Number of protein chains: 2
Amino acid sequence: SVNPDLASERQTASFSVEKLTALLDGGAEQTRIRRAVVEAIESDPEFSRENQYFQTQNERYEAAVRKAVHLQKRMHEMGWTENGPEYKYIYRALSGDVAFLLHRVFMRSISVLGSDKQIAKWIPLATQHKLIGSYAQTELGHGTYLQGLETTAVFDTATQEFILNTPKISAMKWWPGDMGRSATHTVVFAQLYIHGKCYGIHPFIVQIRSLQDHSLCPGITAGDIGPKMNFEHIDNGYLLLKNVRIPRENMLSKFCEVRPDGTYVRQGSQKINYFTMTTVRISLISDEVLTPLMKACTIAIRYSVVRRQSKLKPGEQEAKILDYQTQQEKLLPQLAAAYAFHFINDYLQELFNRGYREIQRKNFDMLPELHALSSGFKAVITQHCTAGVEICLRACGGHGYSLLSGLPSLYTKILASCIYEGENTILLLQTARFLIKCFMAASAGQPVPPSVTYLAAVKHGKCPAKSKLDFLNPDIYTEAYQHVAVRLTSSTAAKLQDLIQSGVKKHDAWNQCTVQLVQAAKAHCHYIAVKNFAETVEKLETKAGIQKIMKHLCDLFALHGIFSNTGAFLHDGYTSAAQMDMVTASYLDLLAVIRKDAVPLVDAFDFTDQSLNSALGSYDGQVYQRLYEWAQKSPTNQMSPAYERYLKPLLHNTLSKL
Amino acid sequence: SVNPDLASERQTASFSVEKLTALLDGGAEQTRIRRAVVEAIESDPEFSRENQYFQTQNERYEAAVRKAVHLQKRMHEMGWTENGPEYKYIYRALSGDVAFLLHRVFMRSISVLGSDKQIAKWIPLATQHKLIGSYAQTELGHGTYLQGLETTAVFDTATQEFILNTPKISAMKWWPGDMGRSATHTVVFAQLYIHGKCYGIHPFIVQIRSLQDHSLCPGITAGDIGPKMNFEHIDNGYLLLKNVRIPRENMLSKFCEVRPDGTYVRQGSQKINYFTMTTVRISLISDEVLTPLMKACTIAIRYSVVRRQSKLKPGEQEAKILDYQTQQEKLLPQLAAAYAFHFINDYLQELFNRGYREIQRKNFDMLPELHALSSGFKAVITQHCTAGVEICLRACGGHGYSLLSGLPSLYTKILASCIYEGENTILLLQTARFLIKCFMAASAGQPVPPSVTYLAAVKHGKCPAKSKLDFLNPDIYTEAYQHVAVRLTSSTAAKLQDLIQSGVKKHDAWNQCTVQLVQAAKAHCHYIAVKNFAETVEKLETKAGIQKIMKHLCDLFALHGIFSNTGAFLHDGYTSAAQMDMVTASYLDLLAVIRKDAVPLVDAFDFTDQSLNSALGSYDGQVYQRLYEWAQKSPTNQMSPAYERYLKPLLHNTLSKL
C-alpha cells in the first residue's frame, strides 16, 4: 500500500506522467522497449542488487563478473544484440553494476586504431570472449598529459619485436578497469623508440595473463589498485612491464606502421582520435551523470513528502518537509537541472550525429566546435549533477547518510565523473581556448561556428524587464545569459591581450587568466543550456499539460542560475538591483508552483524500486518500514567477537581493578 | 628521503613553521604536550591505523572497541586523566577511530539532567565501565523537532514504575551511537504520561542488555542500523521498547520530578539545556571539522607540489600542478579558511567560557547571543569545511579518489557534521531569527548584544577603495562584509513586515522569507569571521614572519569570499564594477604570493604521517612508492573465486558454444 502522504501528491498532477516519460524516452515505443529490458533483467535473480550495500569489495567484484558472464547468456537467449534497440537500456537496467566495460573499450580501440588485418584477428576473439581485454593508458604519474607517458616500446629489428618496459615507478600503468584481476590482454600506450629515436605515444596489444591458467605472463607484474570511493565492483589495476616482448604485428597500425627494417610510416588522419574522445564524453552524460541525478531527485523528493518534521502552522500536524521553502530551494532546482541537461544531451547527440556524418564524408570542419561543446558540457554537467546529488543527500538529513538510502553510492560514483575522461578544469580551459579564438575571429569579422556566432554581437544594452513576470519570458533571461557569456569572454580576451602587450610571455599570460577563462567557459555552456531548454519547450505539444510544466522548469532552471550567480549579471549594470529583486521574487514564486508537481515530475523518470535500490525512495513511500527491514539484514547484526574479547572482560573485570 | 620537489618548497618558507605551530596550539608548552600524547599513542601498535582502508564495517567496529578498552588501560598507565592537559589531544591522536563516545554523552546527560542522588549512583558505575552507556533521543521519524518524539513513558502509580513503549515504527529510536551492539544502558527520551496527561519529553535511564551475558533485556529489541557513508567503527543502533518497566528513580530529575502519587513537579531552570547544545556545537568544530579540513589541505597541497603534469612553459620540465592558477584557486582559499576558522573557534571558545562564568552566577543574558553564534557558526563552518575537503579531493584527480589518499574518508566523515547536532539550514534559521529580533530592537533604539550592535548602524555609503591595493586594507573589506550583512538582514526584515502587513499569516510569511533569511545568517557569520581574523592578525607578534603570512591569509579569506559572491557586494552599488575588478586582481595576485608558502603553511598543522594515513600526503612526498606498496596489501589482490567460477568457464567454453 502506498503511503497516503505520497499518494496524495500524485492525485493532483497537472500533466500526464506517462506522456512525459515517453517524451524523455524519445517516444512511447522506446518506453515499451526499455520497460521490457528492465522487466527481463529485474525478474532474473542473477541480476539482483539485494544486499549490495552489505557487500565487501571482493564480493562486489565477484558479483559483477558473474553478472557480466550471465548477461552474455541472457542476451543470446533474449535475442538482444549490440546493434539492437534494447542494447542501450541494458546497462541502465543493471545500474552499471557489471564487469567487462573496459573489454568494450579494448574492442573499440582496436576497431578505431587497428589495421583491417588486426581487426580481423582480434575482434572475433574478443567478441567470443576468448580473451578479456582492457585499455592501459593512464600511469601512476600521468593522466591528462598523454605526451608525458613514460612506458617505453623499443623496436628490435633483429627479432621483429617491440620490447616494453616500465622504466620507473611513475610509469606504471594505474587505474585501467578490468585489468586488476580479470583481463588477459590490454592495449598499452607507450613511447615508441626505433634506433634510439622517440616517435611518441603508440598503442600496443599486450597479453598479460595466461589463457590456460590465468597466471601472469613473463615480465608482467599486475594487480588491483585497492579500495576506491566507489566502483568496488571494478578491478582497476596496475601493470609493470619488464622486457615484455610482443610481435611487430601487435602495434595498432591504422595510422602509423613500423616496417620490418625499422622505417616509421605515418598514414591517414589522426583527427578521428580527437573525435573518439568526443564520443566518449558525450556518451557518458546520459548513463553516468543524468541517471544518478534523476535517481537522487526521485529519492529525495519522494522522501520529502513522506517525512514530516516541525510545524509550519501552529496547532496543525507536522508539515511535509517539502513544504518548507528552504527544502524546495534545495531540491527543485536539481530537478529542473535534470530536465535541462536531458534536453542538452539530446542537442549534443544530434550535433554529434551530424558531425559524424560529415566526418564520414572527410569533412572535419565541425570538429573544433564539437570538441569545445563536448568538453565544456562534460565538465559543466558532471559538476552540476555531482553537486545536485550531494544536495539531495544532505536534504534527506540523517537517513540520506545511511547507505540504505542509496544516495551515498550515487554520490560517490557520480563524483568520479568530474575526474575521468578529462579532468573538468582542463576541459573547461579547452572550451575557453576555443571561445577566445572564435571571439578574436568574430571581432575581426571572420566566420565562426554556429554555437559562437553570438560572440560577434557584443551589445551594450540593458535588460528590458520591468516586472517580475517579465523574467518568465525566455527571451529576457536567455539574452541575459548571452550577455554574461559575451562579457566574460571579451573581458578575459582583453586581459590576455593586455598582459601580452605589457610584456608577459604568452603562456604566463594564459595561466594568469585561467580562473577567469574557466568562468567564461561555464557561462557559455550555461547560456546554451538555457537557450536550448527554452527552444525545446517552444516545440513541445501543448496538450496533456506537458509544455506548461516544462516551461515552469525551464524558467526555474534559468532563474536559479541567475539567483545563484547574481554578480555576473549585475556586474556591468546589464541587470539592475531592482531587476535582481524581480528575479528573486519570480524564482521563489516558481518554487511554490513546481512543488505541487514535484512527485509526478520524478515519477516520470520511471525508475523501478530495484533500480533505485533505496529505502527512502521507493514508489510506495514506506520509508521507515523498509529502513528497519533492511537494517536487520546487515552483517553488523551478526554476533561480533568484540563482546567476548573486549566488552565482557571490560564489564566484568578490567576496570574494577583500577 | 624527502622528494626533492617537496623539499625545495620548505627551503623558502617566509616564516618559522615551529612558531606558527605553537601559535595554533596556544603556546609552545601545549605543542610539547600534544606531541607527547601523539608519540605515546602512535608508538603503541594497538592503536595502529594500518590497513584501515581495507577493513569491513565489522572489523572497524571491533577495532574501535579494542582501542577504547586499550585506551582505558593506557590512560591509567600514562597518568592521563579526563581533567588533565593531555586529554583533549587523545581523540585527535586517535583520529577519532575509537568506540564509547556516546558513553561520555550518557555520563554528561546524567551529570547535567540528573539529581544529586542519581549522579552519585550512576556516574561511578559509568566511570568504572561497569556499564556502557548510550543516548537515545533521535527516532526513525523524528530528529530536529524534539517535541514530536513519539516514544512514551507512562507512570504506573501502583508499581511506582514508568512503562516505556514504542507505539509505532516511526517512534523507534534510530542512530544512537554505541547502542547497536555495545551499550548496556541508555538514556531514552520519551513523552511522559501521568494519569493520561502528557507532560512532554523527559529523559529516562533504561537498561537494554544484560550485564551477565549481554543478551537483550525483556521487552527490548535492538540492533545495528547498518552501513553508513562513514563511521563504520560506530555501532549506531535502533531500539524498540515493548512495555519496558523501569523504577520511578530512573527518570532524570534535576529539573522535573514525578512524586509517588503522580504529582508532577518542575523545578530549577531549563535554560541550561539550551547551553548544553551550545557546548556540543562549539566543541565539535575543532576535532570534527577543522582537523579534517587541515588534513585535506595538507594532503592536497603536498601532493600538488610533487605531482607534475603538462608543461607550463614550452620546452621545460612538466610543471608542478600547484603552479597552475586554477589549482591555486582551488586549494589556497581552503587553506585560508582553515586558519580563519581556527581563529573563530578561539573566539567562540572564549565567548563560551565567558558565558559559562556568567551562567554560574545565574546570569543567563548571554545565552541568546551564544546560541545564535554557535548555531550559525556550526552551520557555516561545517558547510564551508565540507566543501573544502571535497575541493581538495577533486583537486588530486584520480589519486584523490583512491581510499588510499585518505581524502574520501575525510570527506564522507566531515559531511555528517552538516547533519548531526542540528541540521544546518535549521540552525541558520535560528541565527536569522535572532538577527531579525535584534535588528528590530536596534531599529527601535533598544540595546542589543555586542556581536550585533553593527545592525543598528545602517550606513548608505559606498566602498571607498580606489585601487586594488586598497582591498588589502582590512578596514575596507571588513566594512564591505558588514554592509552586506546589514543589507541582507534589513531587506529581509522589511520583506517579512510587508508580507505580514499585506495580510499573510506570520508563519507563512516567515516560510516565504527563509531562503533569504539563510543568506542573512551566513552573511552575518562571514562578517564576524573576517573581522575576527583581521583583529587576530593585528595582535600577532611581528617577528618570525608570522604576522605577515597571516595577514596574507586573512586578505585571501576575505577577498575569496567577495570574489565568490560578487552579487551580494554589487547589489546596491556599495561596491562598483570597477572596484570588483580590483578585488579580482588583488585576489589573483594573492594566490601567487601564498603559493610560495603553501607547504610550510600546511606543515605548521603538524600532522604525523600516521594521523594523515594518506599515500599522497606524507611528509616525505614519496607518493607513487607508497600508493604501490599499499595497493599490494589490498584484499582485492587475494585470489578471487571469480576466476574458477566464472572466468575460466567463460574463456574456455561458454561462448565458443554460441
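Bear in mind the structure is a predicted one, so any value in this text is a computation, not a measurement.

(A) Structural view of the overall build of chain A. Along the backbone of chain A there are 22 helices and eleven strands. Here chain A has a C-alpha radius of gyration of 27 Å; the compact-globule value for 658 residues is 26 Å, and the two agree. Here the C-alpha coordinates of chain A stretch approximately 90 × 80 × 65 Å along the principal axes. Of all 658 residues assigned to chain A, the portion counted as buried reaches 62%. Residue pairs at least 24 apart in sequence account for 72% of intrachain contacts in chain A once pairs closer than 6 positions are excluded. When the accessible surface of chain A is totalled, it reaches about 24900 Å², and 53% of it is carbon and sulfur. Mean positive and mean negative side-chain charge positions of chain A (70 and 62 charges, respectively) differ by 3 Å.

(B) Seen up close, the relation of the copies chain B and chain A. The operation relating chain B to chain A is a screw motion whose rotation component is 180°, with 0.0 Å of axial translation and a residual RMSD of 0.0 Å. Expressed as an axis order, the relation between the two copies is that of a two-fold axis. Taking C-alpha positions as reference, the residue of chain B nearest the rotation axis is Gly567 of chain B, located at 1.7 Å. A symmetric contact is evident, with 100% of the interface residues of chain B recurring at the interface of chain A.

(C) The confidence of the model for chain A, seen in detail. On average, residues of chain A score 95 in pLDDT, and 99% of them are at 70 or above. As scored by the predictor, the complex reaches a pTM of 0.97 and an ipTM of 0.97.

(D) View of the packing of helix H16 (residues 546–563) of chain B against helix H18 (residues 577–595) of chain B. Residue and element names in this part refer to chain B. For the pair H16 and H18, interaxial distance at closest approach is 9 Å and the crossing angle is 140°. Taken together, the axes of H16 and H18 are oblique relative to one another. Judged by the twist between their axes, the crossing of H16 over H18 is left-handed. Counted together, His552, Leu553, Asp555, Leu556, Leu559, His560, Ile562 and Phe563 of H16 and Met580, Val583, Thr584, Ser586, Tyr587, Leu590, Leu591, Val593 and Ile594 of H18 form the full contact between these two elements. Looking at the contact of H16 with H18 residue by residue, the class counts come to twelve nonpolar, four polar and one charged.

(E) Quick peek at the UniProt feature "domain: Acyl-CoA oxidase C-terminal" (unreviewed entry) in chain A. With numbering aligned to this structure, UniProt lists the feature "domain: Acyl-CoA oxidase C-terminal" (unreviewed entry) at residues 473–651 of chain A. Across residues 473–651 of chain A, the secondary structure splits into 75% helix and 0% strand, with the terminal C-alpha atoms separated by 70 Å.

(F) Representation of the packing of aromatic side chains in the model. Taken as a whole, this structure holds 37 aromatic pairs over all chains when the rule is applied. Between Phe231 of chain A and Tyr401 of chain B the ring centres are 6.4 Å apart and the planes differ by 65°, which places this aromatic pair in the edge-to-face class. One end of the pair, Phe231 of chain A, is in the loop between strand E7 (220–224) and strand E8 (237–241); the other, Tyr401 of chain B, is in helix H11 (residues 397–401), on a second chain. Its relative accessible area of 4% is what places Tyr401 of chain B among the buried residues. Three or more aromatic residues joined by ring pairs form one cluster here, namely Phe341, Phe343, Phe533 and Phe557 of chain A. Directly above the aromatic system of Tyr619 of chain B lies the positively charged group of Arg10 of chain B, at a separation of 3.6 Å from the ring centroid.

(G) Highlighting the pattern of salt bridges. Under the criterion given, the structure shown has 64 salt bridges over all chains. Of the charged contacts, one joins Arg248 of chain A and Glu249 of chain A as a salt bridge, the two residues approaching to 3.9 Å between their closest N and O atoms. You can call Glu249 of chain A partly exposed: its relative accessible area is 47%. A salt bridge links Glu358 of chain B to Arg361 of chain B; the shortest N-O distance between them is 2.4 Å. One network of salt bridges, with partners in common, ties together Glu18, Asp25, Arg34, Arg35 and Asp606 of chain A.

(H) Region of the structure containing the sheet that holds strand E4 (residues 173–174) of chain B. All names here are of chain B. Spatially, three strands are ordered E4-E8-E7 in an open sheet, and the strand pairing comes out antiparallel. Looking at the sheet topology across the chains shown, the edges are occupied by E4 and strand E7 (220–224). As paired elements, E7 and strand E8 (residues 237–241) share five bridges and run antiparallel to each other. Within the sheet, the bridge partner assigned to Gly223 lies in E8 and is Tyr238.

(I) Region of the structure containing the interface of chain B and chain A. With 133 residues of chain B at the contact, the number on the chain A side is 133 residues. Both sides together, the interface formed by chain B and chain A hides about 10700 Å², and carbon and sulfur atoms give 64% of it. Along the contact surface separating chain B from chain A lie two salt bridges. In this structure, the salt-bridge partner of Lys330 of chain A is Glu423 of chain B, at a minimum N-O distance of 3.2 Å. Linking chain B with chain A are 50 residue pairs in polar contact (both at pLDDT 80 or more), by the criterion used here. If one sorts the elements of the side of chain B that touches chain A by residue count, helix H15 (residues 506–539) of chain B sits on top with ten residues. Class assignment of the residues belonging to the side of chain B that touches chain A gives a composition of 59 nonpolar, 52 polar and 22 charged.

(J) Geometry of the environment of Arg266 of chain A. Residues and elements named next belong to chain A. Mapping Arg266 onto the fold places it in strand E11 (residues 264–266). Residue Arg266 is classed as partly exposed on the basis of its relative accessible area of 48%. C-alpha separation for the pair Arg266 and Thr566, spaced 300 residues apart in sequence, amounts to 52 Å. When neighbours within four sequence positions are excluded, Arg266 is seen to be in contact with Phe255 and Cys256. In terms of polar contacts, Arg266 uses its side chain to reach the side chain of Tyr264, at 3.3 Å.

(K) Region of interest: the environment of Gly96 of chain A. In this fold, Gly96 of chain A is placed in the loop between helix H5 (87–93) and helix H6 (101–113). The sequence separation of Gly96 of chain A and Pro600 of chain A amounts to 504 residues, and the corresponding C-alpha distance is 26 Å.

(L) Expanded view of the state of the cysteines. The final tally for this structure, using the stated rule, is zero disulfides over all chains. Cys525 of chain A provides the cysteine sulfur closest to Cys438 of chain A, a residue in no disulfide bond, and the two sulfurs are 13 Å apart. Classification of Cys438 of chain A by relative accessible area gives buried; the value is 6%. Looking at the unpaired Cys554 of chain B, the closest cysteine sulfur is the one in Cys463 of chain B, lying at 16 Å.

(M) Just helix H21 (residues 623–632) of chain B, in detail. The buried fraction of H21 of chain B is high, at seven of ten residues. Considered for burial, the residues of H21 of chain B that qualify are Val623, Tyr624, Arg626, Leu627, Tyr628, Trp630 and Ala631 of chain B. The inward-facing, buried residues of H21 of chain B contact strand E4 (173–174), E7 and E8 of chain A together with helix H8 (271–306) and H11 of chain B.

(N) Geometry of the pairing of strand E9 (residues 244–247) of chain A. Residue and element names in this part refer to chain A. Covered by surrounding structure in E9 are Val244 and Ile246 only, the residues Arg245 and Pro247 on the alternate face being uncovered. Bridge count for strand E3 (residues 161–165) against E9 is four bridges, and the pairing is antiparallel. Opposite Ile163, over in E9, you have Arg245 as the bridge partner.

(O) Geometry of helix H14 (residues 474–501) of chain A. For H14 of chain A, spanning 28 residues, the distance from its first C-alpha to its last is 40 Å, which sits close to the expected 40 Å at 1.5 Å a residue. Gly503 of chain A sits one or two residues past H14 of chain A and shows a positive phi near 100°.

(P) Geometry of the nonpolar core. Counting residues in each nonpolar core, the largest one holds 327 residues, and the members touching the most others are Tyr339 and Met550 of chain A together with Tyr339 and Met550 of chain B. Setting aside residues up to four positions removed in sequence, Tyr339 of chain A forms contacts with Leu20, Leu24, Phe533, Met550, Leu553, Leu601, Ala604 and Phe605 of chain A. The next biggest cluster of nonpolar side chains, apart from the first, holds 40 residues, and it includes Ile123, Phe204, Met251 and Tyr264 of chain B.

(Q) The sheet that holds E7 of chain A, seen in detail. The strand order across the open sheet built from three strands is E4-E8-E7 (chain A), with neighbouring strands paired in antiparallel fashion. The open sheet has two edge strands with one neighbour each: E4 and E7 of chain A.

Reading guide: rules and limits
Residues numbered from 1 in each chain as written. Chains lettered and ligands numbered in written order. Predicted model: local features only at pLDDT ≥ 70, side-chain atom pairs only at ≥ 80, totals over all residues. Heavy atoms only, no water. Helix = DSSP H or I, 4+ residues; strand = E, 2+ residues; numbered from the N terminus. Rg over C-alpha atoms; globule rule 2.2 N^0.38 Å. Buried < 20%, exposed > 50% of the residue type's maximum accessible area, 1.4 Å probe, protein only. Contact = heavy atoms within 4.5 Å. Areas by Shrake-Rupley, 256 points an atom, 1.4 Å probe, with all protein chains shown as cover. Lys, Arg positive; Asp, Glu negative; His and termini not counted. Charge placed at Lys NZ, Arg CZ, Asp CG, Glu CD. Least-squares fit on C-alpha atoms with pLDDT ≥ 70 in both. pLDDT = per-residue confidence, 0-100. Axes fitted to C-alpha atoms, helices over the stretch in contact; angles between N-to-C directions. Parallel < 35°, antiparallel > 145°, perpendicular 65-115°, else oblique. Left-handed = near helix turned anticlockwise from the far one by under 90°. Nonpolar A, V, L, I, M, F, W, Y, C, P; charged D, E, K, R; others polar. UniProt positions renumbered as here; feature names shortened; annotations may be inferred. Phe/Tyr/Trp six-rings, centres within 6.5 Å; stacked < 30°, edge-to-face > 60°. Lys NZ or Arg CZ within 6 Å of the ring centre and 35° of its normal. Salt bridge = Lys/Arg side-chain N within 4 Å of Asp/Glu carboxyl O. Pairing = 2+ DSSP bridges. Buried area = accessible area lost by both parts, 1.4 Å probe. Polar contact = N/O pair within 3.5 Å; in protein donor to acceptor, adjacent residues only side chain to side chain. Disulfide = S-S within 2.5 Å. Expected span 1.5 Å × (residues − 1). Core = buried A, V, L, I, M, F, W, Y, C linked by side-chain atoms within 4.5 Å.

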